[in-house]
Amino acid sequence: MLHHHAVSGVLKELTLSLALKCLSFDFIGSSVDESSEEFGTLQIPSSWKPVVQDPSTLQIFFDYYRIMGPPLSKEALECLVRLASVRRSLFTDDPARFQFLGHLMNGTKEIIQTGEGLADHDNYHEFCRLLGRFKVNYQLSELLSVESYGEWIHLVAEFTTKSLQSWQWASSSVYYLLGLWSRLVTSVPYLKGETPSLLDETVPKITEGFITSRFNSNQADFPDDLSEDPLDNAELLQDHLEFFPYLCRYQYETSSLCIMKIMDPILQVYTERASSPMPVDANELAVIEGQISWIVHIIAAILKVRQITSCRTESQELIDAELAARVLQLSNVTDIGVHSQRYGEISKQRLDRAILTFFQNFRKSYVGDHAMHSSKLYLRLSELLGLHDHLVLLNFIVGKIAMNLKHYPQCEDVIEHTLSLFLELASGYMTGKLLLKLDSIKFIIVNHTVTPYSYFASVFVLYFGLVQRREKKGRTQSCLLDDPGPACTTLRCRVCVVVINEILALLSCSPDNVMIGLIWNCSDAAFTFDAIAMSFYCSSLHGLRCVTTPLLKFMAEFVLNKAQRLSFDSSSPNGILLFREVSKLVVAYGSSILSRPINTDIYNNKYKGIWISLIILSRALSGNYVNFGVFELYGDRALADALDVSLKMILSIPLADIFAYRKLTKAYFAFMEVLFSNHISFILNLDTNTFLNIIGSLEAGLKGLDTGISSQCASAVDNLATFYFNHVTIGEVSASPASMNFTRHIAECPNLFTEVHCVIYIYIYI
């Protein structure tokens, strides 16, 4: 008997596993990700129709769920999730589909009523996914057509409320429940008929439950791993807040009253603590800041969905104003009194990041490019806080940005979030123009001589939009504050000179610790060249003992003649001066990198700087703002030294490594194309072995699969063949040194052109 039960148990297990594999099969070859909405329909074969429509098919999996314990009960739910996603075209008519839906609804209703198996976390999670499928694969009108809908929707609402109260245990599962409710409420405007959806009764309770649970969650004990706290985990926070704003907007007045009812008392306490003469309990403040952070994130998420929903009525804008006013009032309080001494506390940093998120979402809805400046929101904000238009509010936001940059020099998360907000402001067409009109920006420009490095770098960021990023990665971003007015341009020049000198002084003292990436992206770079060239290059560059990668990146951007921005008068020496300093920089880096052995991480320690140096030279040599003949005419070694050191750097890299690193490959062949186009004499005057090595690399590039590189190699070979025809084949008797050297190379390798041209013909015709 025991053996019989054992065999029966194994058979049930294998049968359930086989059924799950069959339902999980990708029948149309679309690599279905079952958890994704984009591929939320199961495309099973039409021959399965009788089996799927048979009521006993669904029932057997509900029975398996009840009689089998974990983990097999979870597999039964997984089968039900897939069956709930069956394509609607499989059903012969609507009655058959509604019967199938009714069976699903009754089965899930029974599970909620009994709670059977839901104590197991995997079962609970899979059951939430099953509930989420009801709106992914069915319309609200179809759900309403089921007789048991009223009882089912109330049970699901109760189940959702309990899940929100146990959010730490069911945090990942709540995502599917909120997704279900958000899809339900967004379907209401399209609902036809007189049947009540009952959402007016259920949604407000869920909304209040969510807000209350998040507000109270900060008093709970978190695990040691802080990444588990949604306030420290951007992806988890997104999961929590992705769907909830739609529920709030459904009955916005009720939801906003709930938010304000919770926020107002705690905001009053936080304001009083700022100026309290008595010692303040740090733990109490940490809890308060965590609670307010959640409320601010919720308000920010509500404002975010305004851009993608049709919730732009005057009544909703007035409610937006009420909620926004509280966050703006909070922003004023966070940097005064006791709170101004808590910048090192994690809870304070979370709160400031929440405020920055609010500003980002508020800006998209009510400031700048897509804002409705005649919005009723500003009328209400004017009454509450005196902020009567988007320009005044923009000034308020920039003030907060400056405050964060001043007080958070050691907190990378807050600084990065702050700079991200400023980048968005400066990148917008309208907001970028408005920034230079703000009092806060003018104040920062006037007070640019502040000595502490952290704040001084912040001034640099705020004025030029040159963003300091992570030190380890050395990443950079750029944005543009561009006002064509002469007054603004003069200020830009003045501040630029001071800032660059200050930063380069720090670089010369401690280049390893001060890794700053600078990208010059101003449309009037030629106009300001006189102001910065002498300061940046002639006085500071000579003092550098170590050239850093970010400095090379800055130079690569600076010498790029994008849209002919580097255009000098015929009598101007600026082009020559610029290339001289480019040469000094490249020679300094090349001499340094070639003189020391590199044994570890050869790409970051050697190849990365080399390919950036090649880009610098490629852009400078092809920029059309330098007369290179002047260097040889007057015995200036700037061009020759730059080309010599670049060749030595290239020859220090095996050809296999050149092709192994994509960025190095592109930089190398771009440089070769420029050399063969404008400075072919330098190539021809090399010794034969070096010359043949370079030609061999071009041949290898022609054989590659990258059409861009193949085209560059073909262009280089074409220039070489043209030179041979013009200067050797039909050249005069008194040949130039370059043509004589070319003849010598051909004599030592007679098949040179034959081999390369065969490759070119193959490249052209294939």
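Residues numbered from 1 in each chain as written. Predicted model: local features only at pLDDT ≥ 70, side-chain atom pairs only at ≥ 80, totals over all residues. Heavy atoms only, no water.

### Comments concerning the confidence of the model for the chain
Part 1: Looking at the chain as a whole, its pLDDT mean stands at 79, while 78% of the residues score no less than 70.
Part 2: Predicted confidence is poor over residues 761–766, with pLDDT under 50, and the contacts of this stretch with residues over four places away or in other chains come to five contacts. (pLDDT = per-residue confidence, 0-100. Contact = heavy atoms within 4.5 Å.)

### So, the environment of L303
Part 1: For L303, the position within the fold is in helix 14 (residues 282–304).
Part 2: Sequence separation between L303 and R249 is 54 residues, and the spatial gap between their C-alpha atoms is 9.7 Å.
Part 3: Excluding anything up to four places from it in sequence, L303 contacts R249, D320, F358, F362, S365 and Y366. (Helix = DSSP H or I, 4+ residues; strand = E, 2+ residues; numbered from the N terminus.)

### A word on the environment of G344
Part 1: Looking at the element boundaries, G344 is found in the loop between helix 15 (314–333) and helix 16 (346–366).
Part 2: Judged by relative accessible area, which is 64%, G344 ranks as exposed.
Part 3: For G344 and H407, which are 63 residues apart along the polypeptide, the C-alpha to C-alpha distance reads 9.3 Å. (Buried < 20%, exposed > 50% of the residue type's maximum accessible area, 1.4 Å probe, protein only.)

### Remarks on the side chain of S255
Part 1: Mapped onto the fold, S255 is located in helix 13 (residues 252–274).
Part 2: Excluding residues that lie within four positions of it along the chain, S255 makes contacts with T207, I211, L247 and C248.

### Examining the pattern of salt bridges
Part 1: According to the stated counting rule, one finds 27 salt bridges in the structure shown.
Part 2: E322 is paired through a salt bridge with R380; the nearest N and O atoms lie 2.6 Å apart. Of this pair, E322 sits in helix 15 while R380 sits in helix 17 (residues 376–385); the two residues are 58 residues apart in sequence, bridging distant segments of the chain.
Part 3: Sharing partners across several salt bridges, the network here consists of D264, E322, R326, R380 and E383. (Salt bridge = Lys/Arg side-chain N within 4 Å of Asp/Glu carboxyl O.)

### Considering the packing of helix 27 (residues 602–621) against helix 29 (residues 638–651)
Part 1: Where helix 27 contacts helix 29, the two axes come as close as 11 Å, and the packing angle between them is 145°. Along this stretch, helix 27 crosses helix 29, giving a crossing that reads as left-handed. Residues I610, S613, L614, L617 and L621 of helix 27 form the contact with helix 29, whose own contacting residues are L639, A642, L643, S646, M649 and I650.
Part 2: Taken together, the residues of the contact of helix 27 with helix 29 break down into nine nonpolar, two polar and no charged. (Axes fitted to C-alpha atoms, helices over the stretch in contact; angles between N-to-C directions. Left-handed = near helix turned anticlockwise from the far one by under 90°. Nonpolar A, V, L, I, M, F, W, Y, C, P; charged D, E, K, R; others polar.)

### A few points about helix 34 (residues 707–729)
Part 1: Between its terminal C-alpha atoms helix 34 stretches 31 Å, which fits the 33 Å expected from 23 residues at 1.5 Å a residue.
Part 2: Listed in full, the buried residues belonging to helix 34 are I709, S710, Q712, C713, A714, A716, V717, L720 and F723.
Part 3: Capping the start of helix 34, D706 holds a side-chain oxygen 2.9 Å from the backbone nitrogen of G708, two or three residues further along. (Expected span 1.5 Å × (residues − 1). Polar contact = N/O pair within 3.5 Å; in protein donor to acceptor, adjacent residues only side chain to side chain.)

### Side note on the nonpolar core
Part 1: Counting 139 residues, the largest nonpolar core has Y149, W181, F358 and F362 as the members making the most contacts within it.
Part 2: Counting residues per element, this core draws most heavily on helix 14, at 12 residues.
Part 3: Excluding residues within four positions of it along the chain, F358 makes contact with V296, I299, A300, L303, A324, V327 and L328. (Core = buried A, V, L, I, M, F, W, Y, C linked by side-chain atoms within 4.5 Å.)

### Structural notes on unusual backbone geometry
Part 1: Here the bond from P70 into P71 is cis, since omega is 0°, no more than 30 degrees from zero.
Part 2: Looking at the element boundaries, P71 is found in the loop between helix 3 (55–67) and helix 4 (72–83).
Part 3: In this model, L198 sits at a positive phi of 65°, which is unusual for a non-glycine residue.
Part 4: With respect to the helices and strands, the residue L198 is situated in the loop between helix 9 (171–187) and helix 10 (199–217).
Part 5: The exposure class of L198 is buried, given its relative accessible area of 19%.
Part 6: In this structure, N624 is a non-glycine residue whose phi angle is positive, near 60°.
Part 7: By secondary structure assignment, the location of N624 is in the loop between helix 27 and helix 28 (629–633).
Part 8: Classification of N624 by relative accessible area gives exposed; the value is 69%.

### Describing the packing of helix 5 (residues 94–114) against helix 6 (residues 121–137)
Part 1: As a packed pair, helix 5 and helix 6 sit with axes 11 Å apart at the nearest point and diverge in direction by 150°. Our classification of the angle between helix 5 and helix 6 gives roughly antiparallel. Remark: the crossing between helix 5 and helix 6 carries left-handed chirality. Mapping the contact onto sequence places R97, L101, L104, M105, T108, I111 and I112 in helix 5 and F127, L130, L131, F134 and N137 in helix 6. (Parallel < 35°, antiparallel > 145°, perpendicular 65-115°, else oblique.)

### As for the side chain of N137
Part 1: In this structure, N137 sits in helix 6.
Part 2: The class for N137 is buried, based on a relative accessible area of 10%.
Part 3: A distance of 3.0 Å separates a polar side-chain atom of N137 from the backbone oxygen of A84.

### Re helix 5
Part 1: For helix 5, with 21 residues, the first-to-last C-alpha span of 30 Å sits near the 30 Å given by 1.5 Å per residue.
Part 2: Trailing helix 5 by a residue or two, G115 shows a phi angle of about 70°, which is positive.

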